[in-house]
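Take a look at the letters that make up each chain.
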Amino acid sequence: MADDASSTSSGKPGQDDRGGGFLSDLFAPVAGFGVSFSTMFRKVATEEYPEKPRPTAPRFHGRHQLNRHPDGLEKCVGCELCAWACPADAILVEGADNDDSPGGTGRFSPGERYGRVYQINYLRCIFCGLCIEACPTRALTMTNFYELADNDRGKLIFTKDQLLAPLQSGMLPPPFPMVEGLEERDYYQGKVTTSTDAQRAYVDSRDAAADEDAYAQGPGNPGAAVPGEHDVAHAADFTAAQTREGANP
Ligand code: SF4
Ligand code: SF4
């Protein structure tokens, strides 16, 4: 029987280790303090977040970004492939036609269509990256930005103006025409490196007309929305350091 009277704590009949058990019981607290003492001299691993956030791994899957061409036109063509690829049904896309005609809505991307509505629901997103794999134009990539917590569920549904990359040097806020003399494919062949004088002139006249319209509506409405102005505002709070196009394919 296992609990035979002749058995000892060592489990071997006939051996009596009651003296060793007494000593180990006696020094057990000292051994515990030894662990504490040796830990005191190890390098501290405490992270001072959020004061000093640690850099992420280079291919970290963070917040998404909708990228632009070097002149500022959007890369998204509203094809919805990202939404179909998403296993969490977190993306909503509604495409629309670019309209260069007089009085039209204007051109937002070099192609036939653009993403008029674009939303990502970060309450659903699992950051798997399948959407950026599916995107045929490299319009959608992921950044290293991960501070997405909020106590308002509505604020975790990011809209297009939040997801669009901020305007970098040489870029203009759409809508405006493509670089004169070039086709859509030229944008993907790297033939566009910045906005042109003609594009800048178009945007200047467009903004001037918008200012006149706002002024005509009265002094109480001096700042009517100019197409694309939300892009500029967004650039201030989502810095270039956080935008890493193509960093996480
Ligand atoms: S990362 Fe994954 S879950 Fe998140 S939007 Fe893209 S496909 Fe959907
Ligand atoms: S982000 Fe890419 S895949 Fe999604 S709608 Fe735009 S072009 Fe298509």
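Keep in mind the model is a prediction, meaning the values are calculated, not measured. (Residues numbered from 1 in each chain as written. Chains lettered and ligands numbered in written order. Predicted model: local features only at pLDDT ≥ 70, side-chain atom pairs only at ≥ 80, totals over all residues.)

1. Quick word on the sheet that holds strand β2 (residues 91–97)
Working step 1: Read across the open sheet, the three strands follow the order β2-β3-β5; overall the sheet is antiparallel. Lying at the two open borders of the sheet, with one neighbouring strand each, are β2 and β5 (157–159). Each adjacent strand pair in this sheet contributes to an overall mean axis angle of 15 degrees, direction not counted.
Working step 2: In the sheet, strand β3 (residues 113–121) pairs with β5 via three bridges, with the strands oriented antiparallel. Residue pairing in the sheet places Asn 121 in a bridge with Ile 157 of β5. (Pairing = 2+ DSSP bridges. Helix = DSSP H or I, 4+ residues; strand = E, 2+ residues; numbered from the N terminus. Axes fitted to C-alpha atoms, helices over the stretch in contact; angles between N-to-C directions.)

2. Quick look at unusual backbone geometry
Working step 1: Backbone torsion omega between Tyr 49 and Pro 50 reads 10 degrees, so that peptide bond is classified as cis.
Working step 2: One can find Pro 50 in the loop between α1 (18–39) and β1 (64–66).
Working step 3: A positive phi angle is found at Glu 80, which is not glycine, with a value near 75 degrees.
Working step 4: By secondary structure assignment, the location of Glu 80 is in the loop between β1 and α2 (81–85).
Working step 5: Positive phi values are uncommon outside glycine, yet Arg 138 reaches one of about 60 degrees.
Working step 6: By the secondary structure assignment, Arg 138 is in the loop between α3 (130–134) and β4 (140–142).

3. Structural notes on the pairing of β3
Working step 1: Here seven bridges tie β2 to β3, and the two strands are oriented antiparallel to one another. Along β3, the bridge assignment pairs Gly 95 with Gly 115.

4. Regarding the UniProt feature "binding site: [4Fe-4S] cluster 2" (unreviewed entry) in the chain
Working step 1: On the UniProt side, "binding site: [4Fe-4S] cluster 2" (unreviewed entry) is annotated at positions that read Cys 86, Cys 125, Cys 128 and Cys 131 here. Taken along the chain, the residues just named run across 46 residues; in space they keep tight, none of their C-alpha pairs more than 10.3 Å apart.
Working step 2: Among the structural elements, Cys 128 can be located in the loop between β3 and α3.
Working step 3: Residue position: Cys 131 is located in helix α3.
Working step 4: Residue Cys 131 is classed as buried on the basis of its C-beta count, with 24 C-beta atoms lying within 10 Å.
Working step 5: Discounting residues that sit within four places of it in the chain, Cys 131 has contacts with Cys 82, Ala 85, Cys 86, Ile 91 and Leu 140. (UniProt positions renumbered as here; feature names shortened; annotations may be inferred. Buried ≥ 20, exposed ≤ 12 C-beta atoms within 10 Å, placed from the backbone. Contact = placed C-beta atoms within 7 Å.)

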